[in-house]
Every structure is written in C-alpha cells, then in structure tokens.
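Understanding the architecture of this molecule
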Amino acid sequence: TMKVKRMCSMLKSLGLKSILYANEGPMSDCDRMEAILTNEERQKLFGNDSQWKNGGFFNNQEASSVFDERVIEAISRNKSEKGIHFLLAMWGEGQKGISSETGL
C-alpha cells in the first residue's frame, strides 16, 4: 500500500535501513524485501483480488498462519544483523503473534 511505500522512503531519508516483509510484487524504497508469498501462493491461499478487497484475507486462518510463520522465520534470520530492530505492524492486532514470537 501507499502507507508502506511512504514509510520506507521516510526511513531511508533518515538514514535508517528497512526490510519489507511482504508478498511478491513491486519493490518499494526499502533497502531489502523479503518475499513471504509468491503471487501464485497468495492467490491460492487468500483467493482472487476481489475476495481480498472484500475482507476474505482477514477471514482465512490457514492463510494467515502460513504468512505469519514465514514472516517470523524471516525476521528471526534478519535479527542477527547489527542494528536496532523494530516492527511496524501495519495490521495492528492481527500481527500480535509475529511481535510476540520475534520479541519486536
């Protein structure tokens, strides 16, 4: 979304390194992107774009679990890098499990 793209640009302008954990797609202004799901996996797990826009994403526990597990694995790998790590949970409460599991 535009909010994420703007946030990456703002972090970069402050001299901060950012890693975007997102589904496969266009790269934003982040320093690195960790592709969590391919477009094919996203469509299989979450449904087509009209389902996504109509709230189907939020009602799919299996898909959310797969996404969350992969994000947790990727964050765990990247936390070994030097620097300050924090999580911008754009989905709020829906990402509480990721925050708890990674300590961010």
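Everything here concerns the structure above.
From a predicted model like this one, the values you see are computed outputs, not experimental measurements. Every chain begins its residue count from 1, and numbering advances along the sequence as written. Local features in this predicted model are restricted to residues of pLDDT 70 or higher, and side-chain atom pairs are both shown and tallied only at a pLDDT of 80 or more, whereas totals for entire chains, interfaces and linings draw on every residue. To obtain the side-chain values, all non-hydrogen atoms of the structure were included, while hydrogens and water were left out.

1. A look at helix 1 (residues 2–13)
Three- or four-residue spacings in an α-helix give side chains the same orientation, since the helix completes a turn every 3.6 residues. With twelve residues, helix 1 extends 16 Å from end C-alpha to end C-alpha; this agrees with the ideal 16 Å at 1.5 Å per step. The complete set of buried residues in helix 1 reads Val 4, Cys 8 and Leu 11. The arc that holds every buried residue of helix 1, seen down its axis, measures 65 degrees, which confines them to one face. Residues of helix 1 that are exposed and point more than 90 degrees away from the buried face comprise Lys 3, Arg 6 and Ser 13. In this description a helix means any DSSP run of H or I spanning at least four residues, a strand means any run of E spanning at least two, and both kinds are numbered starting from the N terminus. The first or second residue beyond helix 1 is Gly 15, which carries a positive phi of 85 degrees. In this analysis, the expected span of each helix is defined as 1.5 Å times one less than the number of residues it contains. Between buried and exposed lies partly exposed: a residue is buried under 20% and exposed over 50% of the maximum accessible area for its type, with that area taken using a 1.4 Å probe on protein chains only. The arc in question is formed by the directions pointing from the helix axis toward the C-beta atoms.

2. Digging into the nonpolar core
Counting eleven residues, the largest nonpolar core is built from Ile 36, Leu 37, Leu 45, Phe 46, Ala 63, Phe 67, Val 71, Ile 72, Ala 74, Ile 75 and Ile 98. No other element matches the six residues that helix 4 (residues 61–78) contributes to this core. Apart from residues lying up to four places away in sequence, Ile 98 is in contact with Asp 68, Val 71, Ile 72, Ile 75 and Leu 87. Nine residue types can take part in a nonpolar core, namely buried Ala, Val, Leu, Ile, Met, Phe, Trp, Tyr and Cys, and a core is a set of them joined through side-chain atoms within 4.5 Å. Formed by six residues, the second largest nonpolar core is a distinct cluster that contains Val 4, Leu 20, Ala 22 and Cys 30. Any two residues whose heavy atoms approach within 4.5 Å are treated as being in contact.

3. So, the state of the cysteines
When two cysteine sulfur atoms are found within 2.5 Å, that pair is recorded as a disulfide. Taken as a whole and judged by the stated rule, the model has one disulfide. Bridging Cys 8 to Cys 30, the disulfide has an S-S length of 1.9 Å. With Cys 8 in helix 1 and Cys 30 in the loop between strand 1 (19–22) and strand 2 (32–35), this pair connects stretches of sequence that are 22 residues apart. Grouping residues by exposure puts Cys 8 and Cys 30 together as buried.

4. Examining the packing of helix 2 (residues 39–46) against helix 4
The axes of two packed helices give the description: the angle between them and the distance between them. Orientation of helix 2 relative to helix 4, taken along the N-to-C sense of each, is 145 degrees, at an axis distance of 8 Å. Across the interface between the two elements, Glu 41, Leu 45 and Phe 46 of helix 2 pack against Glu 62, Ala 63, Ser 64, Val 66, Phe 67 and Arg 70 of helix 4. Looking at side-chain class alone, the contact of helix 2 with helix 4 contains five nonpolar, one polar and three charged residues. Axis geometry follows a simple rule: fit a line to the C-alpha atoms, using only the stretch in contact for helices, then measure angles between N-to-C directions, giving values from 0 to 180 degrees. Charged residues are taken to be Asp, Glu, Lys and Arg, nonpolar residues to be Ala, Val, Leu, Ile, Met, Phe, Trp, Tyr, Cys and Pro, and polar residues to be all remaining types, Gly included.

5. Examining the side chain of Asn 78
Secondary-structure assignment places Asn 78 in helix 4. Given the relative accessible area of 6%, Asn 78 is considered buried. Counting of polar contacts relies on pairs of N or O atoms within 3.5 Å, with two restrictions inside protein: one atom must be capable of donating a hydrogen and the other of accepting it, and residues adjacent in sequence are counted only when both atoms are side-chain atoms. Engagement of the side chain of Asn 78 in a polar contact is seen with the side chain of Tyr 21, the distance being 2.9 Å. The residues touching Asn 78, leaving out its near neighbours within four places in the chain, are Ile 19, Tyr 21, Arg 32, Glu 34 and His 85.

All we've got here are geometric facts, nothing functional implied.
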